[in-house]
Amino acid sequence: IFTLMLLLCFFLPNGIGRKYFGWRSKITSDVQRWILRLLIILPGLVFLIEAVHSQDQELWQNSLGRIAMVIALLSLGLCAFRLLRPADRAVTQMHDSGRHARLWRFRHLGYFFVVATPISLAVLAIVGYYHTTFHLTSRFTETLWLAGGLLLLNAIIARWLDVAYRRLTLQRYQRRNAQSAVTVTGSPVPEGNAPDVAKEDLDRANRRSRQMLRSVLLVVFIVCVWGIWSSSLPALRALDRVELWHYTSTVNAPITTFEGQVVRETVEELRPVTLADIGLMILVIILTVVAATDIPAFLQMGVIQRVHDDIGVRYAIVTVVRYVVIVVGTIIAFGLLGVSWSTVQWLVAAMTVGLGFGLQEIFANFVSGLIILFERPIRIGDTVTIGDTVGTVTRIRIRATTVTDWDRKELIVPNKEFITGRLVNWTLSDQVLRVVMRVG
């Protein structure tokens, strides 16, 4: 009752879905009507099923329990059939961007699974496999709650991103209006080091943020569904039985002494690496690549704008977070293969020394890039003079920094030049400068 009432709050005429998520009235009215019907049917049936199942009476389970189970499953199947038809109803009335999503092409398969599963379980209960139906129904219900929870989470985060996008657009127009006021009336220049953000950049950041959100939620759904159904369907555990190689792991295991005392000692045990570990590693790598690619846009849209208004600080935070995501994803991926830090630390140390001698300039530029991000002698948007070139810092990468001069030509400068060489930063602490104009 609580879960259905909580779900009903999203589909009321003036509820959260209609008022904040922008769901259309046809969707909310249809779902609201079916939730009210399920509130009348399901609570009594679920109570009867659980009560009969807890008594451990075969006669009750095969009579009252089976009848209640069949009615409840058929009700769920009919609800899914009426609400999720690909040809009409709620599916076709979703937001227009849903048609361009990658999952849109699998809507028929998802519709078939959601509708056919409760009907198949009802037939299984009628034939006589009550205990099997009871067990599989619990897993199917958990899958439905998982899918519904992720959809609501997607709607909440998408709403948050939409609000952030509107706020950034409003700030952009306010900044442009302030610059126009400076030109027309000569009013004071607004403070801050954040340059005007192009509308195309905002749109691109919004799209990439939503793409990352969908990708992360899809991976979470796949992993959770596998965890829910793996104990019920042994075929999903087949990958765990295919062992590729073994590795030695150090663990603290309880050991019983001759006196009967249980102590914990450090022992080495042999652990297998299976096909399931390989598949999970591939998912981790995909999720790491997606996060490292799209997380700057996600942070720019939703988090960093509230933390600091300086674009240099925002860029440093985004870059450091990207490095952290890559390092953490790499460690987790190799950990699934049994390659821990204690196993490869000597190899990494030797390779670091060798690469340090062979690629001194590359390592120097990498460390210099980290110093630039933390010490911030230059920032994105600063006007600098490096050598004979005067321009604006537009990009700070691992190896080099890009400076765009007044002719829109881009100069790629190794990061070491900014740390070890002489640099003139026109806007490091103050954007107000004195300009000397020589009149002949």
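Criteria and cut-off values
- Residues numbered from 1 in each chain as written.
- Predicted model: local features only at pLDDT ≥ 70, side-chain atom pairs only at ≥ 80, totals over all residues.
- Heavy atoms only, no water.
- Helix = DSSP H or I, 4+ residues; strand = E, 2+ residues; numbered from the N terminus.
- Contact = heavy atoms within 4.5 Å.
- Areas by Shrake-Rupley, 256 points an atom, 1.4 Å probe, with all protein chains shown as cover.
- Pairing = 2+ DSSP bridges.
- Buried < 20%, exposed > 50% of the residue type's maximum accessible area, 1.4 Å probe, protein only.
- pLDDT = per-residue confidence, 0-100.
- Axes fitted to C-alpha atoms, helices over the stretch in contact; angles between N-to-C directions.
- Parallel < 35°, antiparallel > 145°, perpendicular 65-115°, else oblique.
- Left-handed = near helix turned anticlockwise from the far one by under 90°.
- Nonpolar A, V, L, I, M, F, W, Y, C, P; charged D, E, K, R; others polar.
- Polar contact = N/O pair within 3.5 Å; in protein donor to acceptor, adjacent residues only side chain to side chain.
- Core = buried A, V, L, I, M, F, W, Y, C linked by side-chain atoms within 4.5 Å.
- Salt bridge = Lys/Arg side-chain N within 4 Å of Asp/Glu carboxyl O.
- Expected span 1.5 Å × (residues − 1).
- Arc of directions from axis to C-beta.

**Focus: the overall build of the chain**
- Along the chain, the regular secondary structure elements total 14 helices and seven strands.
- In the chain, of all internal contacts separated by at least 6 residues, the share reaching a separation of at least 24 is 62%.
- When the accessible surface of the chain is split by element, carbon and sulfur atoms take 65% of a total near 27,400 Å².

**Focus on the pairing of strand β4 (residues 389–396)**
- Bridge analysis of strand β3 (residues 383–386) against β4 gives four bridges, and the strand direction is antiparallel. Looking across to β4, one finds that Thr385 is bridged to Val390.
- Connecting β3 to the next strand, β4, in antiparallel fashion are two residues, including Gly387 with a positive phi near 70 degrees.
- Connecting β4 to the antiparallel partner strand β5 (residues 400–405) that follows it, the hairpin turn spans three residues.

**As for the pairing of β5**
- In terms of residue burial, β5 counts as a mostly covered element, since six of its six residues are buried.
- Here β5 shows a buried face lined by Ala400, Thr402 and Thr404 and a second buried face lined by Thr401, Val403 and Asp405.
- Bridge count between β4 and β5: five bridges; the pairing is antiparallel. By the bridge assignment, Gly391 is partnered in β5 with Asp405.
- As judged from the five bridges shared by β5 and strand β6 (residues 410–414), these two strands associate in the antiparallel manner.

**Structural notes on the confidence of the model for the chain**
- When pLDDT is averaged along the chain, the result is 76; 75% of the residues meet or exceed 70.
- Here residues 93–100 is modelled with pLDDT under 50, and outside its nearest four sequence neighbours on either side it reaches nine contacts, counting other chains as well.
- A low-confidence stretch, residues 189–196 (pLDDT under 50), is modelled with 20 contacts involving residues beyond four sequence positions or located in other chains.

**Overview of unusual backbone geometry**
- Of note in the backbone geometry, Arg408 takes a positive phi value of approximately 70 degrees without being a glycine.
- A relative accessible area of 71% means that Arg408 is categorised as exposed.

**As for the packing of helix α1 (residues 2–9) against helix α3 (residues 25–55)**
- Close contact between α1 and α3 brings their axes to 10 Å; oriented N to C, the two are set at 165 degrees. One way to sum up the angle between α1 and α3 is to call them roughly antiparallel. Here α1 runs over α3; the crossing is left-handed. Residues Leu4, Met5, Leu7 and Leu8 of α1 touch α3, and the partners they reach there are Gln32, Ile35, Leu36, Leu38 and Leu39.
- Split by residue class, the contact of α1 with α3 holds eight nonpolar, one polar and no charged.

**Some words on the side chain of Thr427**
- Its place among the elements puts Thr427 in the segment after β7 (424–425).
- A residue is classified by how much of its surface remains accessible, and Thr427, at 11% relative accessible area, is buried.
- A distance of 3.1 Å separates a polar atom in the side chain of Thr427 from a polar atom in the side chain of Asp382.
- Contact partners of Thr427, with chain neighbours within four places excluded, come to Arg379, Gly381, Asp382 and Thr383.

**Considerations on the sheet that holds β4**
- A sheet is described by the order of its strands in space; here five strands give the open sequence β6-β5-β4-β3-β7, paired in antiparallel fashion. The open sheet has two edge strands, β6 and β7, and neither has a second partner.
- Here β3 pairs with β7 via two bridges, running antiparallel. Of the residues in β7, the one forming a bridge with Thr385 is Val424.

**Thoughts on the environment of Ser29**
- In this fold, Ser29 is placed in helix α3.
- On the accessibility criterion, Ser29 (30% relative accessible area) is partly exposed.

**Things to note about the nonpolar core**
- Ranked by internal contacts, the top residues of the largest apolar core, which has 44 residues, are Val31, Ile35, Ile49 and Met69.
- The set of elements that each furnish at least two residues to this core consists of α1, α3, α4 (58–83), α6 (107–127), α7 (130–185), α8 (199–229) and α9 (275–302).
- Examining the composition of this core, we find that ten residues originate from one element, α7, more than from any other.

**As for the environment of Ala80**
- Take Ala80: it is sitting in helix α4.
- Sequence-wise, Ala80 and Ala116 are 36 residues apart; in three dimensions their C-alpha atoms are separated by 9.4 Å.

**Side note on the pattern of salt bridges**
- For the structure shown, the criterion picks out four salt bridges.
- A salt bridge links Arg166 to Asp162; its shortest N-O distance comes to 3.1 Å. One end of the pair is Arg166 and the other is Asp162, both in helix α7 and four residues apart, which spans about a single turn.
- Its relative accessible area of 52% is what places Arg166 among the exposed residues.
- Using a relative accessible area of 18% as the deciding quantity, one classes Asp162 as buried.

**Looking at helix α13 (residues 360–375)**
- Over its 16 residues, α13 runs 22 Å from end to end, which matches the ideal 22 Å to within 8%, given 1.5 Å per residue.
- For α13, the set of buried residues is Asn365, Ser368, Gly369, Ile372 and Leu373. When α13 is viewed along its axis, its buried side chains cluster within an angular range of 140 degrees and face the same direction. For α13, exposure combined with an orientation more than 90 degrees from the buried face picks out Phe374 and Glu375.
- Downstream of α13 by a residue or two, Arg376 has a phi angle that is positive, lying close to 60 degrees.

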